[in-house]
Amino acid sequence: MASVSLSSRLNKAVRQQYMSLPQGERVQVTYIWIDGSGEGLRNKTRTLDVEPQTIEDIPEWNFDGSSTYQAEGSNSDMYLVPVRMFRDPFTQDPNKLVLCEVLKYNRLPAETNHRMNCNKVMEKVKEHIIWFGMEQEYTLLGIDGHPYSWPTHGFPAPQGPYYCGVGADKAFGRDIVECHYKACLYAGVNIYGSNAEVMPSQWEYQVGPCEGIEMGDQLWVSRFLLHRVCEDFGIVATLDPKPMMGNWNGAGCHTNVSTKQMREEGGLEFIEQAIEKLGKRHKEHIRMYDPRGGKDNERRLTGHHETASIHDFSAGVANRGASIRIPRPVGQEKKGYFEDRRPSANCDPYAVTKAIAYTCLLHSEDREESEEENIPAM
């Protein structure tokens, strides 16, 4: 029997009695931010007197950074700066979720606030109308850390029947997947689709297409919704890129990319140019594609289980064993997008999209270092 949290067993009918109470004109706003781990999300809620109509209607707030790995206790106040607002699927309208940037006491971005530098790059490449779509893989675990619905002792049947599978012996935790999907739609997250993955209890959803900075905003909020839905069901969603060692697939966050030129007739030429640039900066990108400078991806990018080796760069049409995949329809139509398969499931989408936009659209081998000082370092 899967290990679920005690909180998930509380009487939900009693909870609903209170959740259905009227709240007048006052509104609950839940502030969401990335903590000092670069992976964890935190949140807290406050009351506003009227429903906010735009992000400018939501005031800045603060929190204790010494309790989120972001500050020392002697100088612990951190600023929460609202950047994007969503509907709240848990407390429902008119209540809101708001994603925030974190600033330190001196108003500089916190170490894990990669959004600010990402936004600077996206503003510089705005004319290219760069679109992203990210494929978020995750694995469901019991609170004991064991994969959900796996045998307590031993392993399930080998990989093969689980990808896009149906049936109680093939699809584990579908209730969570469907509830998360509906929560994303309600909130206003641009969720594209979902499917069961190759490893049992592993799933994927896609967010996009999103232009520029919106990609990171949307993916982070979709992750918050995933963790909150799992909390209600009493289990855990891990974004670890290799949660089970052995002959089991890892978890990535494949990133699909296109610019206006790539989407137009003859766009394949610009796709190939971008891929060439990415190949020349492979090591720099690997450092940006997981929170530990590539250490997490070392366990996943082995050259097996639909991955390329972390040490080599490769590209190919319809090749899921390459660093960069050009989808077959793109190869046939000579326009469209490419897929960077290297980012890990626990990547920071701001770091990933910034690196791709910078390398493909801004970086020049002939540029002097002094000219690059105004470009956020990778």
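The structure under discussion appears in the preceding block.
Let me begin by describing the structure that accompanies this report.

The rules behind these values
Within any chain, residue numbers begin from 1 and follow the written order of that chain's sequence. Two thresholds apply to this predicted model, a pLDDT of at least 70 for residue-level local features and 80 or more for giving and counting side-chain atom pairs, whereas whole-chain, interface and lining totals are computed over all residues. Side-chain numbers come from the whole structure's heavy atoms, not from hydrogens or water. Note on conventions: DSSP H or I runs of at least 4 residues are helices, E runs of at least 2 residues are strands, and numbering of each starts at the N terminus. Buried means the residue's accessible area, taken with a 1.4 Å probe over protein chains only, is under 20% of the maximum for its type, while exposed means over 50%, and partly exposed covers the values in between. Should any heavy atoms of two residues lie within 4.5 Å, those residues are considered in contact. Counted as a polar contact is a pair of N or O atoms within 3.5 Å, where, for protein atoms, one must be capable of donating a hydrogen and the other of accepting one, and residues adjacent in sequence contribute only when both atoms are in side chains. A cavity here means a set of points on a 1 Å grid, drawn over the protein atoms and nothing else, where a 1.4 Å probe fits but cannot get out; a pocket is an open set with protein on both sides within 12 Å along at least five of seven lines, and a residue lines either one if it has an atom within 4 Å of a point. Grid points are joined across faces, edges and corners, and a volume is the space filled by probe spheres set on the points. Residues are grouped as follows: Ala, Val, Leu, Ile, Met, Phe, Trp, Tyr, Cys and Pro are nonpolar; Asp, Glu, Lys and Arg are charged; all remaining types, including Gly, are polar. Any two strands with at least two DSSP bridges between them are considered paired. Angles here are taken between N-to-C directions and fall from 0 to 180 degrees, while the axes themselves are lines fitted to C-alpha atoms, restricted in helices to the stretch in contact. When the centres of two rings from Phe, Tyr and Trp lie within 6.5 Å, Trp using its six-membered ring, the rings pair. Their planes under 30 degrees apart give stacked, over 60 give edge-to-face, and anything left gives tilted. A ring is considered to have a charge above it if a Lys NZ or an Arg CZ atom is located within 6 Å of its centre and within 35 degrees of its normal.

1. Topic: the environment of R263
With respect to the secondary-structure elements, R263 resides in helix α5 (residues 260–263). By relative accessible area, which is 22% here, R263 ends up partly exposed. Separated by 74 residues in the primary sequence, R263 and Y337 place their C-alpha atoms 6.9 Å from one another. Every residue in contact with R263, bar those within four places of it in the chain, is listed here: I129, W131, S258, K335 and G336. Of the polar contacts made by the side chain of R263, one reaches the side chain of S258; its length is 2.8 Å.

2. A few points about the side chain of D35
Here D35 shows up in the loop between β1 (27–34) and β2 (41–48). For D35, the contacting residues outside a window of four places in its chain are G40, L41, R42, T68, Y69, Q70 and T112.

3. With respect to empty space enclosed by the protein
One pass over the structure, following the stated rule, counts 2 cavities of 30 Å³ or more. Considering only enclosed or pocket space, the largest cavity measures out at about 80 Å³ in volume. If one sorts the elements of the lining of the largest cavity by residue count, strand β5 (residues 96–103) sits on top with 3 residues. Its residues assigned to classes, the lining of the largest cavity comprises 5 nonpolar, 4 polar and 2 charged. In terms of lining, the second largest cavity is formed by L301, T307, A308, A322, S323, R341 and R342.

4. Quick look at the side chain of S222
With respect to the helices and strands, S222 occurs in helix α4 (residues 214–233). Residue classification places S222 among the buried positions, given a relative accessible area of 0%. Within the structure, S222 has its side chain in polar contact with the side chain of Y205 (distance 2.7 Å). When residues no more than four places from it in sequence are discounted, the contact partners of S222 are H180, C184, V189, Y205 and V207.

5. Topic: the layout of surface pockets
In this structure, the largest pocket occupies an estimated 820 Å³ of space. Lining the largest pocket are 37 residues; nearest its centre among them are E135, Q206, N256, R325 and E339. One number sums up the size of the second largest pocket: a volume of about 360 Å³. When contributions to the lining of the second largest pocket are tallied by element, the ones reaching two or more residues are α1 (12–19) and α4. Looking at side-chain class alone, the lining of the second largest pocket contains 7 nonpolar, 5 polar and 5 charged residues.

6. As for the sheet that holds β2
Sheet architecture is open: 5 strands sit in the order β2-β1-β5-β4-β3, paired in mixed fashion. Each edge of the sheet is formed by a strand with only one pairing partner; in this case those strands are β2 and β3 (61–64). Adjacent strand axes in the sheet meet at a mean angle of 40°, parallel and antiparallel pairs treated alike.

7. Examining the packing of aromatic side chains
A full pass over the atoms with the stated rule returns 7 aromatic pairs. Note on Y138 and Y205: the rings are 6.1 Å apart at their centroids and 55° apart in plane angle, and the pair reads as tilted. Taken together, the residues span a long stretch of sequence, with Y138 in strand β6 (residues 131–141) and Y205 in strand β8 (residues 202–211) at a distance of 67 residues. With a relative accessible area of 1%, Y138 lands in the buried category. The class for Y205 is buried, based on a relative accessible area of 1%. Taken together, W150, F155 and W248 form an aromatic cluster joined through their ring pairs. Sitting over the ring of W61, K44 keeps its end group 4.1 Å from the ring centre.

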